[in-house]
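One letter stands for each residue in the lines below.
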Amino acid sequence: MESIKVKEFIIELNGNLINGNYNDQIQGVSIDSRTVDKEELFFAIPGDNFDGHDFVKEALGAGAKGVVIEAQRAVDYEFLNDELVIGVADTKQALQDLAKYYRSLFEIPIIGVTGSTGKTTTKDLIASVLATELKILKTKGNYNNEFGLPLTLFRLDSSHQAAVVEMAMRGLGEIEQLAEIAQPELGVITNIGLSHLECLGSLENIALAKSELVKALPKHGCAVLNGDDQYLRRMAVQSEAEVFYYGYEVDNELQVKEVQDLGMAGLEFVVEFAKEEFKLELPLSGEYNVYNSLAAIGVALQLGLSMDSIKKGLAKPKLTEMRGDIKELAAGITLINDAYNANPTSMRAGLQLLNSLAKEDGRSIAVLGDMLELGPVAEEAHRQLAEDILARKVDYLFTVGDLAALIAQEAKEIGLAADKVFRCSNNREIVTYLLQLLEANDTILLKGSRGMSLEEVETSLLAKVDQELIPATENYKSVGEGLE
């Protein structure tokens, strides 16, 4: 963050100086008293589980340059003379207002990325491609909401030439709010699918919420959209900006012509743009990553990057963890960790990836957890995945969670042998039975919503599989015949 005087902060926050010096310099912002650094301003944000006002003194004791609190609560504290304290009406709103102001200090393109699936990988691929020619800032981890996006923007400095920010939402109006803060010039929407139905109720409402990004783009901007998604096609009339479509269909400006799945080696594909064809390579498995790559290519073309730079950026992407991470364990066992989140679309993509990576001399094992926030369609959405389990010829199915148990139940009812299905009560149980089931050259998929924490299975397998693997197919029968 570039250094800013306290006086400037106060003006933009519509706040008042309760304690301290107007001429002090601030060089960072934090909302976590445990990690606050010197020269950072700590915002005391009230939350559902914690109230940042309870940690004001801890933040100052940890070396924070100062704190922002709700003005009426100043009487709750005794501050030292040299402690900087700024009072505002609403600390959350103040954080967002300050982030919007701070972003306005930089005349650089900001690319906003959202969508029901693939937005994190797409964000990473866009950043990887742009970084071949530009100094890039991108969203880290899950810093993609009303708190994370402002904190991302505060990482901007004068060296950055562009920023790629992920925008998450659970309800209407949230993308609009994030766009108001970030002021993106380019907006990418990957697709519209079944996610957050618990809050939004229908695909139409999900599309309406995502459309807030294209509505927010300026006239000189560009909406980069998946042209194969009819919900996104209908968004074109809602944007004052140019619209650029990508996909498989012939009426997309950027069209993929050929795709070759190379298994563990990734993908090769040919795209056509402006009547020219280009061959590209991507070291990521899973054909769904073609769409993610096309979005990155589209953004790069809009910003004037060369095709050579695009090829270079796609060849060495740096991805966020647990989005299709692939690891080779002992005895040729392959582990796919796609456990960061899940909805029906991404679940099917994960099963497709499992099928494509499974070895001829090994078995495929799907470890699936609940898909959360699906509202009234939750039970049916889980049951429908059973058809994909059988279609992808999954050899063994493990589930954890009450909803995922419906996948197991339906899979057995439509033909998967009962002794191939394991309904587990927790992640430790999954590990216990996997260690007795696994054989050389097996391939495992971990996939579930964030709340299921299936990465715990990976951690345990990485620590134990070398020592505890029992390489005998029949051993699993001693642990419950499918755990009925």
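Residues numbered from 1 in each chain as written. Predicted model: local features only at pLDDT ≥ 70, side-chain atom pairs only at ≥ 80, totals over all residues. Heavy atoms only, no water.

Enquirer: In this structure, what is going on with the packing of helix α6 (residues 174–182) against helix α8 (residues 203–216)? I would like to understand it.
Expert: Helix-helix packing is characterised by the crossing angle of the two axes and by the distance between the axes. Contact geometry for α6 and α8: axes closest at 7 Å, N-to-C directions at 30°. With respect to α8, the axis of α6 lies roughly parallel. The way α6 lies across α8 gives a crossing that is right-handed. Here E174, I175, E176 and A179 of α6 come into contact with α8, specifically with A209, E212, L213 and A216. Broken down by class, the residue content of the contact of α6 with α8 amounts to five nonpolar, no polar and three charged. (Axes fitted to C-alpha atoms, helices over the stretch in contact; angles between N-to-C directions. Helix = DSSP H or I, 4+ residues; strand = E, 2+ residues; numbered from the N terminus. Parallel < 35°, antiparallel > 145°, perpendicular 65-115°, else oblique. Left-handed = near helix turned anticlockwise from the far one by under 90°. Contact = heavy atoms within 4.5 Å. Nonpolar A, V, L, I, M, F, W, Y, C, P; charged D, E, K, R; others polar.)

Enquirer: I'm lost on the sheet that holds strand β18 (residues 334–337) in this one. Help?
Expert: The pairing of strands in a sheet comes from backbone hydrogen bonds and takes either a parallel or an antiparallel form. Spatially, six strands are ordered β17-β18-β22-β19-β20-β21 in an open sheet, and the strand pairing comes out mixed. Of all the strands in the sheet, just β17 (325–328) and β21 (421–424) have a single pairing partner and so form its edges. Across the sheet, the axes of successive neighbouring strands diverge by a mean angle of 15°, strand direction being ignored. Both strand β20 (residues 396–400) and β21 contribute to a ladder of four bridges, which runs parallel. Pairing of L397 across the sheet is with V421, part of β21. Set on the sheet, helix α15 (residues 427–437) makes contact with β19 (364–369), β20 and β21; between it and β20 the angle comes to about 165°. (Pairing = 2+ DSSP bridges.)

Enquirer: Would you mind going over the packing of helix α10 (residues 289–302) against helix α11 (residues 307–315) with me for this structure?
Expert: Running from N to C, α10 and α11 cross one another at 145°; their axes reach a closest spacing of 10 Å. Here α10 runs over α11; the crossing is right-handed. For the pair formed by α10 and α11, the contact residues are S293, I297, A300 and L301 on the first element and M307, I310 and L314 on the second. In terms of residue class, the contact of α10 with α11 is made up of six nonpolar, one polar and no charged.

Enquirer: Sorry, what's going on with helix α3 (residues 91–104) here?
Expert: The α-helix winds at 3.6 residues per turn, so residues separated by three or four positions along the chain end up facing the same way. For α3, with 14 residues, the first-to-last C-alpha span of 20 Å sits near the 20 Å given by 1.5 Å per residue. Where α3 is concerned, the buried positions are T91, A94, L95, Q96, L98, A99, Y101, Y102 and R103. Two or three places before K92, at the start of α3, stands the capping residue D90, its side-chain oxygen 3.0 Å from that residue's backbone nitrogen. (Expected span 1.5 Å × (residues − 1). Buried < 20%, exposed > 50% of the residue type's maximum accessible area, 1.4 Å probe, protein only. Polar contact = N/O pair within 3.5 Å; in protein donor to acceptor, adjacent residues only side chain to side chain.)

Enquirer: I tried to follow the nonpolar core on my own but got confused; where do I start?
Expert: The nonpolar side chains of a soluble globular protein tend to be buried with one another. F43, I86 and L153 are the most contacted members of the largest nonpolar core, which has 54 residues in total. The element contributing the most residues to this core is α3, with six residues. Not counting residues up to four positions away in its chain, the partners in contact with L153 are A99, Y102, R103, I110, V165, I181 and A182. By size, the runner-up hydrophobic cluster in this structure holds 37 residues, among which are A127, V164, V224 and F269. (Core = buried A, V, L, I, M, F, W, Y, C linked by side-chain atoms within 4.5 Å.)

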